[in-house]
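Descriptive analysis of the structure
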Protein chains: 2
Amino acid sequence: MAQPFAASVSLITLGVSDVARSTAFYERLGWRRSAGASTDEVSFFALESLVLALWSRAELAADAGLADTPPGFGGFALAQNKPSEEAVDAALAAAVAGGGRLLKPAARTSWGGYSGYFADLDSHPWEIAHNPFFPLDATGRVTLPA
Amino acid sequence: MAQPFAASVSLITLGVSDVARSTAFYERLGWRRSAGASTDEVSFFALESLVLALWSRAELAADAGLADTPPGFGGFALAQNKPSEEAVDAALAAAVAGGGRLLKPAARTSWGGYSGYFADLDSHPWEIAHNPFFPLDATGRVTLPA
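It should be emphasised that the depicted structure is a prediction, and the values quoted were computed from it without experimental measurement. (Residues numbered from 1 in each chain as written. Chains lettered and ligands numbered in written order. Predicted model: local features only at pLDDT ≥ 70, side-chain atom pairs only at ≥ 80, totals over all residues. Heavy atoms only, no water.)

1. Focus on the relation of the copies chain A and chain B
Heads up, the condition is: The copies are overlaid by a least-squares fit using only the C-alpha atoms of residues whose pLDDT is at least 70 in both copies. Any pair of residues with heavy atoms lying within 4.5 Å of one another is described as a contacting pair.
Least-squares fitting of chain A to chain B yields an RMSD of 0.0 Å, with the transformation described by 0.0 Å of translation along the axis and a rotation of 180°. In symmetry terms, the pair is related by a two-fold rotation axis. Relative to the rotation axis, the closest C-alpha in chain A is found at A:Gly74, a distance of 1.8 Å. The share of interface residues of chain A whose copies in chain B are also at the interface is 100%, consistent with both copies meeting through the same surface.

2. What about empty space enclosed by the protein?
Selection rule: Here a cavity denotes grid points, spaced 1 Å and computed from the protein atoms alone, that fit a 1.4 Å probe unable to get out, and a pocket denotes an open set having protein on both sides within 12 Å along at least 5 of 7 lines; residues with an atom within 4 Å of a point are the lining. Grid points are joined across faces, edges and corners, and a volume is the space filled by probe spheres set on the points. Side-chain classes follow a simple rule in which Ala, Val, Leu, Ile, Met, Phe, Trp, Tyr, Cys and Pro form the nonpolar group, Asp, Glu, Lys and Arg form the charged group, and the remainder, Gly included, forms the polar group.
As enumerated under the stated definition, the model contains 2 cavities of 30 Å³ or more in all. Of the volumes computed, that of the largest cavity is approximately 50 Å³. For the largest cavity, the full set of lining residues is A:Gly74, B:Arg57, B:Gly72, B:Phe73, B:Gly74, B:Phe76, B:Asp122, B:Ser123, B:His124 and B:Pro125. Residue classes in the lining of the largest cavity are distributed as 3 nonpolar, 5 polar and 2 charged. Its volume calculated, the second largest cavity comes out at about 40 Å³. Contributing to the lining of the second largest cavity are A:Arg57, A:Pro71, A:Gly72, A:Gly74, A:Phe76, A:Asp122, A:Ser123, A:His124, A:Pro125 and B:Gly74.

3. Observations concerning the nonpolar core
Let me state the cut-off plainly: Residues belong to a common nonpolar core when they are buried Ala, Val, Leu, Ile, Met, Phe, Trp, Tyr or Cys residues joined through side-chain atoms within 4.5 Å. Note on classification: 1.4 Å probe, protein chains only; a residue is buried when its accessible area is under 20% of the maximum for its type, exposed when over 50%, partly exposed between these limits.
Grouped together as the largest cluster of nonpolar side chains are 52 residues, with contacts concentrated most on A:Tyr26 and B:Tyr26. The contacts of B:Tyr26, once residues within four sequence positions are left out, are A:Phe5, B:Leu14, B:Trp31, B:Phe45, B:Leu52, B:Leu54, B:Asp120 and B:Trp126.

4. Some words on the pairing of strand E1 (residues 11–16) of chain B
Operational definition: Secondary structure elements follow DSSP: runs of H or I no shorter than four residues count as helices, runs of E no shorter than two count as strands, and numbering proceeds from the N terminus. Paired strands, in this sense, are two strands between which DSSP finds at least two bridges.
With 6 of its 6 residues buried, E1(B) lies for the most part within the structure. Burial of the side chains of E1(B) extends over both faces: B:Leu11, B:Thr13 and B:Gly15 are buried on one face and B:Ile12, B:Leu14 and B:Val16 on the other. Sheet analysis places strand E4 (residues 76–81) of chain A next to E1(B), joined by 4 bridges and oriented antiparallel. Across the sheet, residue A:Ala77 finds its bridge partner in E1(B), namely B:Thr13.

5. A look at the interface of chain A and chain B
For the record, the criterion: As a working definition, buried area equals the accessible area (1.4 Å probe) given up by two parts on being put together, with both sides summed. A pairing counts as a salt bridge when a side-chain nitrogen of Lys or Arg comes within 4 Å of a carboxyl oxygen of Asp or Glu. For this analysis, a polar contact is any N or O atom pair within 3.5 Å, provided that within protein one partner can donate a hydrogen and the other can accept it, and provided that sequence-adjacent residues contribute only side-chain to side-chain pairs.
Every contact between the two is made by 71 residues of chain A and, on the other side, 71 residues of chain B. Here chain A meets chain B over a buried area of about 6,000 Å², counting both sides, of which 60% is carbon and sulfur. Considering only the surface of chain A that becomes buried against chain B, A:Phe5, A:Val9 and A:Phe73 emerge as the three largest contributors, covering 14% of it. Scanning the region where chain A abuts chain B turns up 2 salt bridges. Notably, a salt bridge pairs B:Asp63 with A:Lys104, separated by 3.1 Å at the nearest N-O pair. Our enumeration of links across chain A and chain B arrives at 12 residue pairs in polar contact (both at pLDDT 80 or more). Those elements giving two or more residues to the side of chain A that touches chain B turn out to be strand E1 (11–16), strand E2 (42–46), helix H2 (57–64), E4, helix H3 (85–97), strand E5 (101–108), strand E6 (114–119) and strand E7 (125–130) of chain A. For the side of chain A that touches chain B, the residue count by class is 45 nonpolar, 18 polar and 8 charged.

Structure, rendered in structure tokens:
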């Protein structure tokens, strides 16, 4: 039998305060909502490597059996790695133009890369990074040193 | 030029209170930490479709330019989709055996699937689901209806 809890993430769900508003945000960035999978209550996006879902924060908390808490730092960050510093700048600019909030302008980092952060409409943080030590493969996916 | 902020997630970072302790948790589940990429301060795991990183919650908040807040519901859930109800049960059992906390036992859902949740050591929620409407491809990746 395969490892039961494999090193894999199939789907990320972000809990949001207004599904339509957050859906429009990601659509403004050029993402395509799956019409077949989505409803008024939940939006699904097929990502290059997994599925991102937007769903009511309150309903997600209830579904997970957790008490909802006031939005704050959620203890996680999403990241998108880029092949160059210029591509980092372009992605951050596109996100801010779409209504994202710049958390940290892109800058050289202590670990030898280049990165910045923006927050989506529910303050979910996205890092946009160029990391010369984690090369991207032909499909843009991060490869880690062995 | 490619879409600057593509529908893609390269890396997820979970902010944790004790990197060594949380790393040991995921290792108990059979995940392999990348020795080449990881340090005492941050652990990286090459997932099937992206990279999962574990890093100090406080440092992650600071890096993102956000105020840290007491851990609570973070407004997101990770999910792993499975080909059968039995595989859901097996994954939840493995996670709990490894030290995860069962949030919601697996059960039939209102949307016609089967799912349960566990929390990792920092209460990051993972859903383990069998969704007959989102078939898995040959590599185990979720496919969405068009």
